[in-house]
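Below, each chain spelled out in residue letters.
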Amino acid sequence: MVAPLKVGIAGLGTVGAEVVRLIEAQGNVLASRCGRGVRVAAVTARAKAKKRGLDLRGVVWAASPQALAADPDIDCFVELIGGAGEPALSAIETALKAGKSVVTANKALIARHGVRLAVLAERHGGALNFEAAVGAAIPIVKVLREGLAGTRINRVYGILNGTCNYILTRMEQERLSFAECLKDAQRLGYAEADPSFDVDGHDTAQKLAILASLAFGTKLAEKAVFVEGISSIMPEDLQAAEDLGYRVKLLGVALRTETGIEQRVHPTMVPRSSSIAQVMDVTNAVTVDGQGIAPITLIGPGAGGAATASAVVADIADVARGVRALPLGQPAARLVATQQAPMRRHEGGYYIRLMARDMPGTAAAIARRLAEQNISIESIVQRRRNGAGGTTPARGAPSMPVILITYATSEDAVRRAMQAVKRDRVIAGRAQLIRIEKN
Ligand code: HSE
C-alpha cells in the first residue's frame, strides 16, 4: 500500500480553509482517484488562535512558512499566502530545493518569478503546479500545458477577473454605479485586498502573462502586457453598447502576430450574440484558438474560496498520482524572450464616445479628421443632450454625446484622429475609446 501524500498548507484564509475542508470531504474519492490518500499533515498561518471552523486535531502547526517548507515530514508544500514576494517566495524556493512538490494559487508570484521557480522545480525533481492562479476552478493551465501540447496556438483570450465581470454585469443590469458594485464585490470576497489591482486590470494582466507563456512558449513577461482597467467605463457606455448590439467585458487577449506576441488587457466591446458576452457575474471564460481546430472555450467560476480550492486540490491530486508536467509546458531554459507587439499597431474596430460641441460644423470636423486617417465609420449615433455635465466651460457652448463605431483600423490612426479632433476644439473632455473584438 502506498503511503498517503503528506501535505503542508501555508495560509489558512478563505482558500486555505476551504482546501482543508475539501481534502477532508473528498478523502475517499481522492484516495480512489490517486491510488493513495491525501492527508493534511501540517499547517501554518499568521493567527493561530483565529476561529476557522476547521478540525485541525493531529495536524502540526509549523512556526512559519519557511519551517513548513523545510519540514522533512511534508511531501507537498501548498502556498496560499499570496503576494509576489516574501514570505511566499522564499518558502517555495526552500520546498523546491528540498525536492518537494509545490502547489500554489499565487498568480502574482508565478507571473513575476515563474521562470526562476520552474528552473528550480526541474532541477530538483518536484512538481510546480499553479492551476488556481488563473481562472480558479477552470482547468486552463492543464489544457494549455498538457491537453494542447501538440497544437499550435494562435490566440488565447478571455474574461479572467471575476470582480470586473461582476461589476460590469451589475452596472449594466441594475444601472448601479461602479463604486456600489465594487463594494459588493469586496463584501462577497471576490476582490483582491487592494481592489485597484482588479479594476485597473493588473490581476488580469498577470493571469494573461501566465497563459501566454504556456500557449506560446515565451518567458513570463507581465511588463509586456498593455493594460487598461474598467474604472473609466460609464453607464452610458454600457447603454450604448446595448443599443449597438455589443456588451462590454474586460478581456485579456494574447495573440500571435507577425511582429510578436500581442498581449493586452482592456475593456472590450464584444458582440452581444457571442458566447463570451453571455458570461456574467463572477464567472470567467477562456477561449483558445488552435491551428486546425475550432476554438475551445472553458467557462466557470473564476474567483471565491470553493472555486480556487477545487483547482488547488486537483493540483495536489496530480502530485499524489506522481504526475509531474514541466511547470511551463517545456524546459524553462528553452522559453524564448517575449517579443512584444507594439500596441499602436493593434488592428480592430473601435467604439468612440465624444462629447461634441452642439454647433454647425462639429460633425463635419470629426468626420474629416477620421477620414484623414483612413478610418471608415460603421455607425454613428448622436444622443440627445441629457443636461448633466454636457457643457464645454471653455466656450460655453452645450455639448452632446456622439458615438461612433469604426471598421477595422489601427490604434495609431484612431489616436491621431482623436488628437486632431481635440485640437479642433469641437469636443469637451477626453474621447472614450473601447476596442472591439469581433470573434
Ligand atoms: N480578484 C480575483 C478576481 C480573484 O476577481 O478574479 C481570483 O484571482
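Scoring rules and cut-offs
Residues numbered from 1 in each chain as written. Predicted model: local features only at pLDDT ≥ 70, side-chain atom pairs only at ≥ 80, totals over all residues. Heavy atoms only, no water. Helix = DSSP H or I, 4+ residues; strand = E, 2+ residues; numbered from the N terminus. Rg over C-alpha atoms; globule rule 2.2 N^0.38 Å. Buried < 20%, exposed > 50% of the residue type's maximum accessible area, 1.4 Å probe, protein only. Contact = heavy atoms within 4.5 Å. Areas by Shrake-Rupley, 256 points an atom, 1.4 Å probe, with all protein chains shown as cover. Axes fitted to C-alpha atoms, helices over the stretch in contact; angles between N-to-C directions. Parallel < 35°, antiparallel > 145°, perpendicular 65-115°, else oblique. Left-handed = near helix turned anticlockwise from the far one by under 90°. Nonpolar A, V, L, I, M, F, W, Y, C, P; charged D, E, K, R; others polar. Domains from an automatic or database assignment. Buried area = accessible area lost by both parts, 1.4 Å probe. Salt bridge = Lys/Arg side-chain N within 4 Å of Asp/Glu carboxyl O. Polar contact = N/O pair within 3.5 Å; in protein donor to acceptor, adjacent residues only side chain to side chain. Phe/Tyr/Trp six-rings, centres within 6.5 Å; stacked < 30°, edge-to-face > 60°. Lys NZ or Arg CZ within 6 Å of the ring centre and 35° of its normal. 1 Å grid on protein atoms, 1.4 Å probe; cavity = no way out; pocket = protein on both sides within 12 Å on 5 of 7 lines; lining within 4 Å. Points joined across faces, edges and corners; volume = space filled by probe spheres on them. Near = heavy atom within 4 Å. Core = buried A, V, L, I, M, F, W, Y, C linked by side-chain atoms within 4.5 Å. Pairing = 2+ DSSP bridges.

(A) Structural view of the overall build of the protein. When helices and strands are counted, the protein shows 14 helices and 17 strands. Relative to a compact globule of 439 residues, whose C-alpha radius of gyration would be 22 Å, the protein shows 24 Å and is just as compact. Along the first, second and third principal axes, the C-alpha atoms of the protein reach 85 × 45 × 35 Å. Scored against the burial criterion, the 439 residues of the protein give a buried share of 55%. Long-range contacts, defined as pairs at least 24 residues apart, comprise 76% of the intrachain contacts of the protein with a sequence gap of at least 6. Summing over all exposed atoms, the protein offers an accessible surface of approximately 18,700 Å²; the carbon and sulfur share of this is 51%.

(B) Quick look at the packing of helix α5 (residues 107-124) against helix α10 (residues 202-216). Following both chains from N to C, one finds α5 and α10 inclined at 50 degrees, their axes separated by 9 Å at the closest point. Judged on the interaxial angle alone, α10 and α5 are oblique. As α5 runs across α10, the sense of the crossing is left-handed. Here α5 contributes Lys 107, Ala 108, Ile 110, Ala 111 and Arg 112 to the contact with α10, which in turn contributes Asp 203, Gln 206, Lys 207 and Ile 210. Residues belonging to the contact of α5 with α10 are distributed by class as follows: four nonpolar, one polar and four charged.

(C) How the structure looks around the domain arrangement of the protein. Looking at the assigned domains, one finds that the protein contains domain 1 (5-137 + 308-333), domain 2 (143-300) and domain 3 (343-436). Summarising the inter-unit geometry, the C-alpha centres of domain 2 and domain 3 are found 26 Å apart. Note on domain 2 versus domain 3: buried area summed over both sides is about 1,500 Å², and carbon and sulfur give 58% of it. Looking at the side of domain 2 facing domain 3, the largest losses of area belong to Leu 244, Tyr 246 and Met 269, adding up to 33% of the total buried there. Between Glu 228 and Arg 435 there is a salt bridge, with the nearest N and O atoms lying 3.3 Å from each other. At the junction of domain 2 and domain 3, the tally comes to eight residue pairs in polar contact (both at pLDDT 80 or more). Sorting the residues of the side of domain 2 that touches domain 3 by element identifies α11 (235-243) and β10 (260-271) as the ones contributing at least two each.

(D) Structural view of the packing of aromatic side chains. One pass over the structure, following the stated rule, counts zero aromatic pairs. Lying across the ring of Phe 130, Arg 145 places its NZ or CZ 5.5 Å from the centre.

(E) Structural view of the layout of surface pockets. Space inside the largest pocket adds up to approximately 1,300 Å³. Val 15, Leu 80, Ile 81, Gly 82 and Glu 192 are the residues nearest the centre of the largest pocket, which is lined by 50 residues in total. Breaking the lining of the largest pocket down by element, the ones donating at least two residues are α1 (14-25), α5, α7 (162-174), α9 (196-199), α10 and α12 (305-321). Lining the lining of the largest pocket are residues from two domains, each supplying at least three of them: domain 1 (5-137 + 308-333) and domain 2 (143-300).

(F) Region of interest: the site of the ligand. Around the ligand, the structure places Lys 107, Asn 161, Gly 162, Thr 163, Tyr 190, Ala 191, Glu 192, Asp 198, Asp 203, Lys 207, Gly 302 and Ala 303. Contact between the ligand and Lys 107: an oxygen atom at 2.8 Å from a side-chain N or O atom of the residue. Asp 198 is positioned such that a nitrogen or oxygen atom in its side chain is 2.7 Å from a nitrogen atom of the ligand.

(G) Focus on empty space enclosed by the protein. Enumeration according to the criterion identifies one cavity of 30 Å³ or more in this entry. If you add up the space inside the largest cavity, you get close to 40 Å³. Along the walls of the largest cavity sit Glu 131, Val 141, Lys 142, Arg 145, Glu 146, Asp 315 and Asp 318, which together make up its complete lining. Of all the secondary-structure elements, those providing two or more residues to the lining of the largest cavity are α6 (140-147) and α12. Take the lining of the largest cavity: its biggest share by element is four residues, from α6. Classifying every residue of the lining of the largest cavity gives one nonpolar, no polar and six charged.

(H) Layout of the nonpolar core. Ranked by size, the top nonpolar core spans 80 residues in total, and within it Phe 77, Phe 130, Ile 140, Leu 144, Ile 167, Ile 210 and Ile 230 carry the most contacts. At nine residues, the largest contribution of residues to this core is made by α10. One finds Leu 5, Ile 9, Cys 34 and Val 59 within the second-largest nonpolar core, a separate group that totals 31 residues.

(I) Geometry of the pairing of strand β11 (residues 283-290). With seven of eight residues buried, β11 is to be regarded as a mostly interior element. For strand β7 (residues 153-159) and β11, the ladder comprises six bridges, and the chain directions are antiparallel. If you follow Ile 153 over to β11, its bridge partner there is Gly 290. Hairpin geometry of β11 and strand β12 (residues 296-301) is characterised by an intervening segment of five residues between the two adjacent antiparallel strands and by a positive phi of about 80 degrees at Gly 292.

(J) Spotlight on the sheet that holds strand β2 (residues 38-44). One open sheet accounts for six strands, arranged β3-β2-β1-β4-β5-β6; its pairing is parallel. Edge positions in the sheet fall to β3 (60-61) and β6 (128-129), since each has one partner strand and no second. Bridge count for strand β5 (residues 101-104) against β6 is two bridges, and the pairing is parallel. Note that in β6 the partner of Val 102 across the bridge is Leu 128. Each of β4 (76-79) and β5 touches helix α4 (residues 88-97); the most contacted strand, β4, lies at about 165 degrees to it.

(K) A look at the packing of helix α2 (residues 27-34) against α12. Remark: α2 packs on α12, axes separated minimally by 9 Å, with the N-to-C direction vectors making an angle of 45 degrees. One way to sum up the angle between α2 and α12 is to call them oblique. Crossing angle aside, the handedness with which α2 passes α12 is right-handed. Across the interface between the two elements, Leu 30, Arg 33 and Cys 34 from α2 touch Val 313, Ala 317, Ala 320 and Arg 321 from α12. Residue composition of the contact of α2 with α12, by class: five nonpolar, no polar and two charged.

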